[in-house]
Amino acid sequence: MAYEVVMSQLGLSMDSGQIIQWLKQSGDNVKAGELLLEVESDKSTVEVESVESGILHIVLEPEDGDIPVGKVIAYLLAEGEQPPVSEKPAVPTATPAPEPAVASPVVMAEKKLESGGNKWPRPNRPPSTPAARRRAKELGIEWRLATPTGSRAAIKERDVIQLAESLKAAASPAATPEVQISPVARRLAESVGLDLDQHVQQYPGKRLERVDVEQIIRRLISTTQTSAGSPHKVIDDSPAQRQSMGRLRSLIAERMTYSTKTYAPVTLTTETDATELVRIRDGLKADPKIEVVPSYNALLAKLVAEALLEHPKLNASLEGEEIVFWETVNVGIAVDTERGLVVPVVRNVQARSMHELALDIEELLPRAKEGKALPDELTGGTFTITNLGGYDIDAFVPIINPPESAVLGVGRLIDKWVVVDNEPAIRTMMTLSLTFDHRLVDGGPAARFLQRVKQFVEQPYLWLV
Amino acid sequence: MSMHERIGTIREAINEAIHEEMRRDDRVFIMGEDIGVAGGVFKVTAGLLDEFGPERVRDTPITEAGIVGLAVGAAMTGMRPIVEIMFSDFTTLASDQIVNQAAKLRYMTAGQTSIPLVIRAAMGAGRRAAAQHSQSLQAWFAHIPGLKVVMPSNPADAKGLLKSAIRDDNPVLYFEDKMMYNEKGPIPEGDYTVPLGEARIHREGTDATLICTSSMLYPAFDAADKLAEEGIEVEVIDPRSITPLDEETLVNSAIKTGHVLIIDEGYQNYGVTAEIAARVQEKAFDYLDAPVRRLGAADVPIPFAPSLEDLTIPSADQIVEIVHEMRA
């Protein structure tokens, strides 16, 4: 009896993956527990081990690209057995090597939903109607982001339309939704693929008729014609290297676009005196008994978590009309990798000792940098820290990582002349920038939070006790 | 298409169609139980005997298999028989002749013969006629290749569809809902025909589609009125014939509204509603914003007790409720 090896689900949000490489060849005798292949999901590469023994017969290769979860990628055969012809999905016989740890409230909620009497678990597939999914495809938006209003919590077509409208409204606050467009004009615009919303501002207070749309089209055509043969063409003819965006890049693009379109970001900056923090760390470094000296990221994660406990609104997410206050502080730490940005998440920061955190971060960050973090280690954050100090960056404006509502940007540590008690003094300074979602938090509370973080940096004993 | 029309009942429309076709083509004749002297138990064939005589208007014994068998034979010789089966429940007695002979002979003779036969039968519940005189068995015949199945819902269609059925070279079952005979409406005068396989949109709407056969048009209208008061505009479509089926009109409406309910007085299990639902979802799947819903007769032998019988028939209230559920 041939065992079917299927594309495993390596994280709750994973619905497809890519084979990076097979670690065994077709014809190899594989034993249960041996590593079979490397799979890349949304943001990480995971080694998958076999849970059965047999002679490997590979069906799908890295060249096959994106493979849906559950699809047969190989068979494990008995001696002399022929592989079956069909490729139907089956129960997974391969599992990711280590069990992913689950702590985030977001992830927990998803789990609960799935176990809620669903006979055929469809991971990450909330109830939705075909019309909703088709409409989302037409609009080029992700239907899973819609707020369901249908019976049995189904996402209906109207929910997708609502989502599209709110995305559009967030993207162009200047747009005037009151502009009226006649059905004929709208149909004409749709038939030539013209996005009327880009043009309505030019017709304030007017009802757009067919002639107006025709005029817009004529104008666009003439612009296109005059530009033909000009620099555009030169650029088109010049050799350019094109390469596929890749999964991680496109995911980053999708999330960043979503963030900038949906959120109302405001950034506050402050310069803090990190001399005490540096002194503490140097002191720890000097002590041979300390195995793992907490990095600045670890220290910042802990002190931010302490500050977040006092300012829960910054550790929250907006879901539809509701604000969800997360009970744990899961701090994501942005990590630059060769493949692009990833944000490994350190969970339950508020409840864990500095020592535990230091160990955890020491282990997780390098692994994430190599692309080996598990998918579930890259999701479920409630607040993000992004540190560009290592690149001599003084300050920058970070973008919020959805569905979180704030992100802290950390600049470099630099010795500066500052005035202390009316005297010039050399202090180690660091600039912090907080971007927060103004839909959820106002400037005052956000400033008070950042002020508290500044205080914790300057006087670490405030949160060490 | 004629210029003039008058207001009349479905009974009158059918009667007129038979009169006109018998005048037009002397190969057309009619057979059945009590259709001649008595003018039919529902008085649909009144006046035919006087005008056309006993040669072309034949009262028969109570022998459904025999009547249909004779008609199949007559059709093979070039006649164009109309057979009345008093209650559609009795088509089961003639089913060998209908299913194994009428439906098959044109194919089995490679077209050397054809069976231009019309079988009219009264269907439907509501007349306190109990379990053996109240059924709607159209799905049985729609299941058989080689048969056409026509279900008029109003006087104009009743006339136009019957004339087309009589002129069709294939066996056609023509089901008349016995509760609808007195339903009034315009009847186009003269040579008015309605092609088989063309649905009729009775009411346009954008929010949901009601596909209803035969007398189910009327609860659908009532439901549409009630829903319109709430601002829900439903489209009401009568396929008019279920074989051939005007899939295009039904699918287009489904694409337009995204919500489809099919109502037919046959039993819901494995019924006409099931077939139409399957076809609509196959072609309009990506446009459906709710599962396609069906409403048929309750799956029980039709009760004799009036209070219970009424509960087996699809009602306007049920339609309204289902539309609400679909749009929830």
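The shown structure was predicted, so the numbers you read here are calculated from the model rather than taken from an experiment.

**Focus on the overall build of chain A**
Then, in step 1: Scanning chain A from N- to C-terminus turns up 12 helices and 22 strands.
Then, in step 2: Residue burial in chain A is summarised as follows: out of 465 residues, 42% are buried.
Then, in step 3: Intrachain contacts of chain A at a sequence separation of at least 6 include 61% that bridge at least 24 residues.
Then, in step 4: Accessible surface, chain A: about 25000 Å² in total, of which carbon and sulfur atoms supply 54%.

**So, the overall build of chain B**
Then, in step 1: Looking only at helices and strands, chain B has 12 helices and 14 strands in total.
Then, in step 2: Counting the 328 residues in chain B, one finds 58% classified as buried.
Then, in step 3: Summarising the internal contacts of chain B: among those between residues at least 6 apart in sequence, 83% fall at separations of at least 24.
Then, in step 4: For chain B, the accessible area works out to roughly 13100 Å², and carbon and sulfur atoms hold 53% of it.

**Looking at helix α1 (residues 10–24) of chain B**
Then, in step 1: With 15 residues, α1 of chain B extends 21 Å from end C-alpha to end C-alpha; this agrees with the ideal 21 Å at 1.5 Å per step.
Then, in step 2: Among the residues making up α1 of chain B, those that are buried are Ile-10, Ala-13, Ile-14, Asn-15, Glu-16, Ala-17, Ile-18, His-19, Glu-20, Glu-21 and Met-22 of chain B.

**Details of the packing of aromatic side chains**
Then, in step 1: Taken as a whole, this structure holds 7 aromatic pairs over all chains when the rule is applied.
Then, in step 2: An aromatic cluster is defined as three or more aromatic residues linked by ring pairs; in this entry it consists of Phe-42, Phe-87, Phe-90 and Tyr-181 of chain B.
Then, in step 3: The ring of Tyr-296 of chain A has Arg-281 of chain A sitting right over it, with the charged end atom 4.8 Å from the ring centre.
Then, in step 4: Above the plane of the ring of Tyr-263 of chain A lies Arg-439 of chain A, whose end atom (NZ or CZ) is 4.9 Å from the centre.

**Comments concerning the environment of Ala-228 of chain B**
Residues and elements named next belong to chain B.
Then, in step 1: Following the sequence through the fold, Ala-228 ends up in helix α8 (residues 217–229).
Then, in step 2: Relative accessible area serves as the criterion here: at 25%, Ala-228 is assigned to the partly exposed category.
Then, in step 3: In this structure the C-alpha to C-alpha distance between Ala-228 and Gly-205, which are 23 residues apart in sequence, comes to 9.5 Å.
Then, in step 4: Every residue in contact with Ala-228, bar those within four places of it in the chain, is listed here: Arg-203 and Glu-233.

**Let's talk about helix α9 (residues 296–310) of chain A**
Then, in step 1: Here α9 of chain A contains 15 residues, and its C-alpha end-to-end distance of 21 Å stays within 8% of the 21 Å for a straight helix at 1.5 Å per residue.
Then, in step 2: Counted residue by residue, α9 of chain A has 13 buried out of 15 residues, so it is predominantly covered.

**Observations regarding the sheet that holds strand β14 (residues 293–297) of chain B**
Residue and element names in this part refer to chain B.
Then, in step 1: Strand order in the open sheet formed by 5 strands is β9-β11-β10-β13-β14, and the pairing between neighbours is mixed. The sheet is open, and its two borders are formed by β9 (200–203) and β14, each paired with just one other strand. When strand polarity is set aside, the average angle formed by the axes of neighbouring strands in this sheet is 25°.
Then, in step 2: Seen against the sheet, helix α10 (residues 272–284) touches β10 (208–212), β13 (260–267) and β14 and runs at an angle of roughly 155° to β13.

**Regarding the pairing of strand β21 (residues 414–420) of chain A**
Then, in step 1: The pairing of β21 of chain A with strand β22 (residues 423–437) of chain A spans 7 bridges and is antiparallel. Across the sheet, residue Lys-416 of chain A finds its bridge partner in β22 of chain A, namely Arg-427 of chain A.

**Observations concerning the confidence of the model for chain A**
Residues and elements named next belong to chain A.
Then, in step 1: Mean pLDDT over chain A works out to 81, with 85% of the residues at or above the 70 mark.
Then, in step 2: When mean pLDDT is taken per element in chain A, strand β20 (residues 406–410) scores highest with 95 and helix α1 (residues 105–115) scores lowest with 36.
Then, in step 3: Note that residues 87–122 has pLDDT below 50 and, in this model, 62 contacts with residues that lie over four places away or in other chains.
Then, in step 4: Of the regions scoring below 50 in pLDDT, residues 227–235 engages in 1 contact with residues more than four places distant in sequence or in other chains.

**Section: the side chain of Lys-163 of chain B**
All names here are of chain B.
Then, in step 1: Note on placement: Lys-163 falls in helix α7 (residues 155–167).
Then, in step 2: For Lys-163, a relative accessible area of 2% translates into the label buried.
Then, in step 3: Polar side-chain contacts of Lys-163 include one of 3.1 Å to the side chain of Glu-21.
Then, in step 4: With sequence-adjacent residues up to four places away left out, Lys-163 is seen in contact with Ala-17, Glu-20, Glu-21, Gly-190, Asp-191, Tyr-192 and Thr-193.

**Brief notes about unusual backbone geometry**
Then, in step 1: In this structure, Pro-403 of chain A follows Pro-402 of chain A across a cis peptide bond, with omega equal to 0°.
Then, in step 2: Following the sequence through the fold, Pro-403 of chain A ends up in the loop between β19 (383–387) and β20.
Then, in step 3: One non-glycine residue, Ala-110 of chain B, lies in positive phi territory at about 50°.
Then, in step 4: Within the secondary structure, Ala-110 of chain B sits in the loop between α5 (105–108) and β5 (118–123).
Then, in step 5: The phi angle at Ala-130 of chain B is positive, at roughly 70°, despite the residue not being glycine.
Then, in step 6: With respect to the helices, strands and loops of the structure, Ala-130 of chain B is situated in the loop between β5 and α6 (138–142).

**Thoughts on the sheet that holds strand β6 (residues 148–150) of chain B**
Strands in a sheet are paired, the pairing made by backbone hydrogen bonds, and the direction either parallel or antiparallel.
Residues and elements named next belong to chain B.
Then, in step 1: Within the open sheet, the 7 strands sit side by side as β3-β2-β4-β5-β7-β6-β12. Their pairing is mixed. Whereas interior strands pair on both sides, the edge strands pair on one side only; in this sheet they are β3 (57–59) and β12 (241–243). Shown here is a sheet whose adjacent strand axes are inclined to one another by a mean of 20°, direction ignored.

**Digging into the interface of chain B and chain A**
Then, in step 1: The interface of chain B with chain A comprises 10 residues on the first partner and 11 residues on the second.
Then, in step 2: Summed over both partners, the interface of chain B with chain A buries about 790 Å², with 45% contributed by carbon and sulfur atoms.
Then, in step 3: When residues of chain B are sorted by the area they lose upon contact with chain A, Asp-286, Asp-289 and Ala-328 of chain B head the list and together hold 58% of the total.
Then, in step 4: Between the two partners, chain B and chain A, sit 9 residue pairs in polar contact (both at pLDDT 80 or more).
Then, in step 5: Considered class by class, the residues forming the side of chain B that touches chain A number 6 nonpolar, 1 polar and 3 charged.

**As for the packing of helix α3 (residues 64–76) of chain B against helix α4 (residues 95–102) of chain B**
Residues and elements named next belong to chain B.
Then, in step 1: Two elements in contact, α3 and α4, have axes whose closest approach is 8 Å; the angle formed by their N-to-C orientations is 25°. With respect to each other, α3 and α4 are oriented roughly parallel. Between α3 and α4, the contacting residues are Ala-65, Val-68, Gly-69 and Val-72 on the first element and Gln-97, Ile-98, Gln-101 and Ala-102 on the second.
Then, in step 2: Residue composition of the contact of α3 with α4, grouped by class: 5 nonpolar, 3 polar and no charged.

**Describing the environment of Ile-400 of chain A**
Residue and element names in this part refer to chain A.
Then, in step 1: Position of Ile-400 among the secondary structure elements: in the loop between β19 and β20.
Then, in step 2: On a C-alpha basis, the gap between Ile-400 and Phe-383 in space is 8.8 Å, while along the polypeptide they are 17 residues apart.
Then, in step 3: Ignoring sequence-local partners within four residues, the contact set of Ile-400 consists of Met-256, Ser-259, Tyr-263, Pro-265, Ser-405, Ala-406, Val-407, Thr-435, Phe-436 and Asp-437.

**Quick word on the nonpolar core**
Then, in step 1: If you look at the biggest cluster of nonpolar residues, it comprises 106 residues, and the most contacted ones within it are Ile-14, Val-83, Leu-210, Val-234, Leu-261, Val-280 and Val-323 of chain B.
Then, in step 2: When residues no more than four places from it in sequence are discounted, the contact partners of Val-280 of chain B are Ile-211, Leu-250, Val-251, Ala-254, Val-260, Phe-285 and Val-292 of chain B.
Then, in step 3: Among the nonpolar cores identified, the runner-up in size contains 50 residues, and Ile-252, Leu-314, Leu-357 and Leu-432 of chain A belong to it.

Calculation criteria
Residues numbered from 1 in each chain as written. Chains lettered and ligands numbered in written order. Predicted model: local features only at pLDDT ≥ 70, side-chain atom pairs only at ≥ 80, totals over all residues. Heavy atoms only, no water. Helix = DSSP H or I, 4+ residues; strand = E, 2+ residues; numbered from the N terminus. Buried < 20%, exposed > 50% of the residue type's maximum accessible area, 1.4 Å probe, protein only. Contact = heavy atoms within 4.5 Å. Areas by Shrake-Rupley, 256 points an atom, 1.4 Å probe, with all protein chains shown as cover. Expected span 1.5 Å × (residues − 1). Phe/Tyr/Trp six-rings, centres within 6.5 Å; stacked < 30°, edge-to-face > 60°. Lys NZ or Arg CZ within 6 Å of the ring centre and 35° of its normal. Pairing = 2+ DSSP bridges. Axes fitted to C-alpha atoms, helices over the stretch in contact; angles between N-to-C directions. pLDDT = per-residue confidence, 0-100. Polar contact = N/O pair within 3.5 Å; in protein donor to acceptor, adjacent residues only side chain to side chain. Buried area = accessible area lost by both parts, 1.4 Å probe. Nonpolar A, V, L, I, M, F, W, Y, C, P; charged D, E, K, R; others polar. Parallel < 35°, antiparallel > 145°, perpendicular 65-115°, else oblique. Core = buried A, V, L, I, M, F, W, Y, C linked by side-chain atoms within 4.5 Å.

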